[in-house]
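Residues per chain, in single letters:
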Amino acid sequence: MDPIHRGPDESGHDTAAEDARPAQPAALPERAAQAPARARVTRIVSGGLLLTVNPVDGSEIEPCPPGEEPPPARRRTPEERAEAARATTVPAPPGPTAPELPLLERDEQRARLAETLTRGRSARLTGPDGSGRTALLDAVAADCAGLAPDGVVRLSGHHRTAHELLQELRAAVLHAPLHRPDRDGLSAALGSVGAVVVVDDLEFGGAALDELLAAAPECAFLLAAAPGAPAPSAEARIEEVALPGLGRAASLALLEAAVGRRLTDEEANWAGDLWFESEGLPLRFVQAGALLRQRDRLRVTPAEFDAFGALEEAFGPGAGTGGTGPAAGPVPDPYEDPDVELHEVPLPSLGEGAAPAALLASRLSRSAQATLRFAVALGGELPHHAHLPALVGDTHADAALGELRACGLITPVGPRHRLAGGVLTQLLAHGYGHDAADRVHTAAQHYAWWAGHPSVGPERAAAEADALLAVLGALVGGETGAGPEAAAEHRATAVVLARAAAPAFAAGLHWGAWERALRSGQEAARLTGDVAEEAYFHHELGVLALCAGNLARARAELEASIGLRGVLADKRGTVAGRRALALVTDLTRRREPAPAAAVPPRADSPPRGLPAVRAAAAAPAEPPTELLPPVTAAPPAFPDSPDFSEPAGRGPTLLAPAGPAPAAGGRRSLAAGILTGTRRNLAAVGAGLLLVAVLGTVVALGGGSGDDDAPTSGTVTTDSTAGQGGDDLPDTGDGTPAEGGTDTPAGTGTPPSSSSGTPGPTTTPSDGTTASPTATDPTATGSPSTTAPDGTDPSTTSAPGATDEPTTPGRPTPTRTTTTSDPGPGPSSSSPTSTPTSNSPDPEPSTSSATPTTETPTPSDTATSESPVAEGSSTSDIAPEPPTAG
C-alpha cells in the first residue's frame, strides 16, 4: 500500500489512524482570524443620487431608486443637541491640569456681543492669535444658551468652506443619517432653523460669508477670525468687534493667576517689561506663568515637588525620589514653606519671555518633546492623544498633552489641539524639524493602518481628518529632504494612506476632507507611476464632482479614469466609469435650457418681419367702417431704371403684396415708401445674383469642354513657351501640317475622329520672337473659324501642293494654322450652328495693323520634335513653306 498515493479501494478506510491522531480544534479559529475582514460599504443619498462607497472597487453612483429615499429629517431633542455639542468640543487632556484663568477686561466686548445676538443680528470678533478669542466665545455662548429655539451650535471654521459649515450646521440641528442634501435641499432645510451659531477660526469672507449668512436667515452668527482673514463684503449686515490687548494691571493679575501666588518685586518688574514687549497679549502671560512655575520647581530639591516624575524622566535617574503619581499631593509653595531650601535660578530674559516655546519645551518630559516634534513635522497639527502612545513609543505619552496645554504651547481647535500662535516658528528656529521626514513617514504608516481598520468608524476618521491631511500634504507636496529612494517610498505610503482614508471621509460625510485626500492621492500616484491607483482617484473625483453638481469636471475626471483603466484592461472599473459617465450625460441633457417658444409677432410690426421705422404710437380707437374713394397710383419712391422698362400694355410688377391705403399724414406715406423701395432693391439684388450665377456656370462649362476637346502639347523646349490653359493657339511659324488630321469642311459641326495631338516642330523667327507650337487644328474639331471684322479669315494654311489662299468655309482646312492678332473687339463665329469651344483661338487686339499678319520662319529653323503618326496614316518629310496672309 502506497502511503502517499492511495488506491480507490483504500480511500476512506484508514479510520484507526484518524482516531489515533489528536484533534486540533484551535486550527479553525486561527484560519478564521487570518481571513481578511469584509470592507465596510456605505450607501449615502445625495440629492437625487444614490452613492455607494466601496473601499475596494471604488464608489458607484446611480439615480436614487424609489424605495431608497431617506425619511424626512427630524429635529434633535435638547439631549441630543447636548451630546452633539460634547462631541464637537475638545475633551480634557490627561495629565496635569492647567490652572483656571479669569476673563479680564472683556466685559465690554462680552456685553456688546450678547446684545447684538439678542437682537437677532450677527457679529464678527477680530483679534490676533493668543488674544483670548476662544475664551470670550465660550463666555458669550453661555450667556445666549436659552436665546434661540435650537440652542447654541459650536462650529470650527479651521480649513472649512461655507458649504461645509452649512452641512455641519444642518447635522447639528436635524437628524438625518446617511443623507447629504444638495444646495437646494440644504437651503430648504436651513430655512426653518433658528439657533445661535458660534464659529471660531473663520478663514473666509466676502461672497462666501454672504452665502453663509443668507443660507440660514433665522440664525444669528457669532464669528471669530484673525486680522489676516478676508473681510466681509460691504453689503453684509454684520457688526465688527475688535479685541484689544490687556492693560498692565490686568496682565499682572493674569500672571499671578497662572503662577498661583503673588509676584515678587523682581518678577513684577520683569512682567511689566514683558507687557510692553507683547502689547498685552494674554497668551504671553499664560506662557510666562508656566516659566515661573518651572523656575519655582527648579529652586527647590526635586524630591519635594516632582509629583509626576517628570524631572526623573527628563534629567535621568535620581533626579527625583518623591511621589510618582497624582495622589502625591500638590506642589508646595517654596515661598510659603520656610523648611524648603531654595536654589538660585535667574529669571528668564526678556527675549525668552517674548518667545518662550523653546525654553518651555526644554523643561518638559521626553514624551512631550517628542509630541512637539510630531506637531512641527505636521505643520502645527497635533494628533489625538489616543495616537500618541503608538507614535511616540511610550504607553504614558497621552499625558504629554496635558503638559503642553498647561504651558500654553497648544490651543484647542474644535475637537482637537494644534500649536498655539508663534510656537511653530520658535520651535523650528531651535532645530525641532531636523527629522521631520522620518516622523511624517511614521505617522503616515500608523494612520494608513488605523484608517483602514474595520473597527474604526467613519466618524472617528472624520474627526482626525486634519492630522491625516497634514500627513498627506507633507508627504506629497512638502520638501522632505530625503533621498530618491526614500522619497519614492514616502509617496507610495501616501498612496496607501489616501486609499484608506478617502472612503472613510466619504462615509463620514466630511466631503471637503474627501476631496483633499483624493487630490493628494492622485498626485502621489502620478509621481510614483501607479496607473491603477491614479485611475481610482480620478474615478472618485468624478463621482464627487457629480454629487456636487459640477458636471463638466465630473466628465473630465471620469474620462481620464476610463482611459487609464482601458490601458490596464480593467473591465470592471471601465464599466463603472462608463455608467457614471452616462449619468453625467443624462444630467447634462436635463440641465440644457429648453428651446425658446416662438414669440408671436407684434400687431404693429410690418409684414415679413421687417423692423419698424420707429416705435408705433398707441393705436386710436377704430373709426366706423366707411367706403373709401378709389386709390390713385402713388408715384414710386424711387424712379424706374430705363434699362428695365415695362412692356406696353402691362402694368407695373408688384414685388410685395399691396397693403391698405396709406392714411392721411406723412409718417405712414414715408414708411410705405421706404418699405416699397426696400423690396424693389432686394428684388434687383436677387436678379443680379441670379444673372451672375448663370454667367459663371456658362463660363465654367465652356472652360471644361475646351480642356477636353483640345489636347495640348506635352513638350516644351527652351525655344518655345507653353500656352496658357490651351486657350491661345500661337503660330508655329513653319507651315508644317499636323499629322493625323483629316480634311473636314469647316463649319460642318461634326468633329472628325482624330488621333491624339502632338506638338509640331518648333522654330524661332528671325525677329527674335518665340513661336509656341501647337498640334491642334481648331477647324478640325467642328468649331467655326473666327473671322476678322473686315470679313477675312485670319488663319492661313500651308501644306504640300496647296495654294496660299485664305481658308473659306466651303473648303477643307489644312491641319496647320497660324493665328494672328485681331484688332477687332472680339471674334465672331462664322457658323451660328456650331458650338464654340475653348479650342478656337482668341484674337488679341493689335495697335500696329488692322489686317492679319504672319511671321515667316527662316530656312535655318530646325525641328526640335517630331509628331507621332496616327493609326492608318503615313509620315513624310516635307519642307515647310512660308504661309501667305489672306
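What counts and what doesn't
Residues numbered from 1 in each chain as written. Predicted model: local features only at pLDDT ≥ 70, side-chain atom pairs only at ≥ 80, totals over all residues. Heavy atoms only, no water. Helix = DSSP H or I, 4+ residues; strand = E, 2+ residues; numbered from the N terminus. Buried < 20%, exposed > 50% of the residue type's maximum accessible area, 1.4 Å probe, protein only. Contact = heavy atoms within 4.5 Å. Areas by Shrake-Rupley, 256 points an atom, 1.4 Å probe, with all protein chains shown as cover. Pairing = 2+ DSSP bridges. Axes fitted to C-alpha atoms, helices over the stretch in contact; angles between N-to-C directions. Polar contact = N/O pair within 3.5 Å; in protein donor to acceptor, adjacent residues only side chain to side chain. Core = buried A, V, L, I, M, F, W, Y, C linked by side-chain atoms within 4.5 Å. pLDDT = per-residue confidence, 0-100. Parallel < 35°, antiparallel > 145°, perpendicular 65-115°, else oblique. Nonpolar A, V, L, I, M, F, W, Y, C, P; charged D, E, K, R; others polar. Left-handed = near helix turned anticlockwise from the far one by under 90°. Expected span 1.5 Å × (residues − 1).

This part takes up the overall build of the protein. Along the protein, the regular secondary structure elements total 27 helices and 15 strands. When each of the 886 residues of the protein is scored for burial, the buried share is 40%. Here the analysis covers contacts within the protein between residues at least 6 apart in sequence; of these, 72% occur between residues at least 24 apart. Surface exposure of the protein reaches about 47600 Å², of which carbon and sulfur atoms provide 56%.

The 5 strands lie next to each other as E6-E9-E10-E5-E11, forming an open sheet whose pairing is parallel. Lying at the two open borders of the sheet, with one neighbouring strand each, are strand E6 (152-156) and strand E11 (238-242). Averaged over all pairs of adjacent strands, the angle between strand axes in this sheet comes to 15°, irrespective of strand direction. Contacting strand E5 (122-126), strand E9 (196-202), strand E10 (220-225) and E11, helix H4 (residues 107-118) runs over the sheet at an angle of about 170° to E11.

Quick look at the side chain of Arg124 now. With respect to the helices and strands, the residue Arg124 is situated in strand E5. The exposure class assigned to Arg124 is buried, which follows from its relative accessible area of 5%. At 3.2 Å, the side chain of Arg124 forms a polar contact with the backbone oxygen of Pro230. Among residues more than four places away in sequence, those in contact with Arg124 are Leu223, Ala225, Ala226, Ala229, Pro230, Ala231, Pro232, Ile238, Glu239, Glu240 and Val241.

Within the largest apolar cluster, 62 residues are counted, with the highest numbers of intra-cluster contacts made by Val471, Phe505, Trp514 and Leu546. Discounting residues that sit within four places of it in the chain, Val471 has contacts with Leu378, Val440, Ala443, Ala444, Tyr447 and Leu497. Membership of the second largest hydrophobic core comes to 30 residues, among which are Leu174, Val193, Leu212 and Cys219.

With that settled, consider the pairing of strand E1 (residues 42-46). Counting buried residues along E1, 4 of its 5 residues qualify, which places the element largely inside the surrounding structure. In this sheet, strand E8 (residues 179-180) lies alongside E1 in parallel orientation, the contact comprising 2 bridges. For Val45, the partnering residue across the bridge sits in E8 and is His179.

Residue-level pLDDT values for the protein average 73, and 60% of them are 70 or greater. In this model, residues 604-620 is a region of pLDDT below 50 whose contacts with residues beyond four sequence positions or in other chains number 12 contacts. A low-confidence stretch, residues 636-670 (pLDDT under 50), is modelled with 24 contacts involving residues beyond four sequence positions or located in other chains.

As a further point, take the sheet that holds E8. Judged by pairing direction, the sheet is mixed, and its 4 strands sit side by side in the order E3-E2-E1-E8 without closing on themselves. Among the strands making up the open sheet, the edge pair consists of strand E3 (60-63) and E8. Bridging between strand E2 (residues 49-53) and E3 involves 4 bridges; their strand directions are antiparallel. Along E3, the bridge assignment pairs Leu51 with Ile61.

Where helix H15 (residues 366-377) contacts helix H19 (residues 436-451), the two axes come as close as 9 Å, and the packing angle between them is 90°. One finds that H15 runs roughly perpendicular with respect to H19. Between H15, through Ala370, Arg373, Phe374 and Ala377, and H19, the contact on the second element is made entirely by Ala436, Arg439 and Val440. Residue composition of the contact of H15 with H19, by class: 5 nonpolar, no polar and 2 charged.

Here we come to the packing of helix H23 (residues 511-528) against helix H24 (residues 531-548). For the pair H23 and H24, interaxial distance at closest approach is 9 Å and the crossing angle is 155°. With respect to their mutual orientation, H23 and H24 come out roughly antiparallel. As H23 runs across H24, the sense of the crossing is left-handed. From H23, Trp511, Trp514, Glu515, Leu518, Arg519, Gly521, Gln522, Ala525 and Arg526 reach across to H24, where they touch Glu533, Glu534, Phe537, His538, Glu540, Leu541, Leu544 and Cys547.

Of the pairings in the sheet, the one linking strand E12 (residues 410-413) to strand E13 (residues 416-419) comprises 4 bridges and is antiparallel in character. Looking at E13, one finds that Val413 is bridged to Arg416. Counted between consecutive antiparallel strands, the loop separating E12 from E13 contains 2 residues, among which Gly414 sits at a positive phi close to 65°.

Its place among the elements puts Glu557 in helix H25 (residues 551-568). On the basis of relative accessibility, which here comes to 10%, the residue Glu557 falls in the buried class. Not counting the four nearest positions on each side in its chain, Glu557 is found in contact with Arg519, His538, Leu541 and Gly542.

Looking now at helix H26 (residues 571-591). Helix length check: H26, at 21 residues, gives a terminal C-alpha distance of 30 Å against a target of 30 Å (1.5 Å per residue), a fit within 8%. Regarding H26, the residues found buried are Gly573, Thr574, Ala576, Gly577, Ala580, Leu581, Leu583, Val584 and Leu587. Packed against the buried residues of H26 are E2, E3, H24 and H25.

Attention now goes to helix H10 (residues 265-278). Over its 14 residues, H10 extends 20 Å from the first C-alpha to the last, a length consistent with the 20 Å expected when each residue adds 1.5 Å. Of all the positions in H10, only Glu267, Trp270, Ala271, Gly272, Leu274 and Ser278 are classed as buried. Where H10 is buried, its residues touch helix H9 (248-259), helix H11 (282-299) and helix H13 (350-354). After H10 finishes, the residue Glu279 shows a positive phi value of roughly 60°.

Next up on the list: unusual backbone geometry. At Leu178, a position not held by glycine, the phi torsion is positive, near 55°. If you trace the backbone, Leu178 turns up in the loop between strand E7 (174-175) and E8. For Leu178, a relative accessible area of 41% puts it in the partly exposed group. In the Ramachandran plot, Glu279 falls in the positive-phi region, its phi being about 60° despite a non-glycine side chain. Locating Glu279 in the fold gives a position in the loop between H10 and H11.

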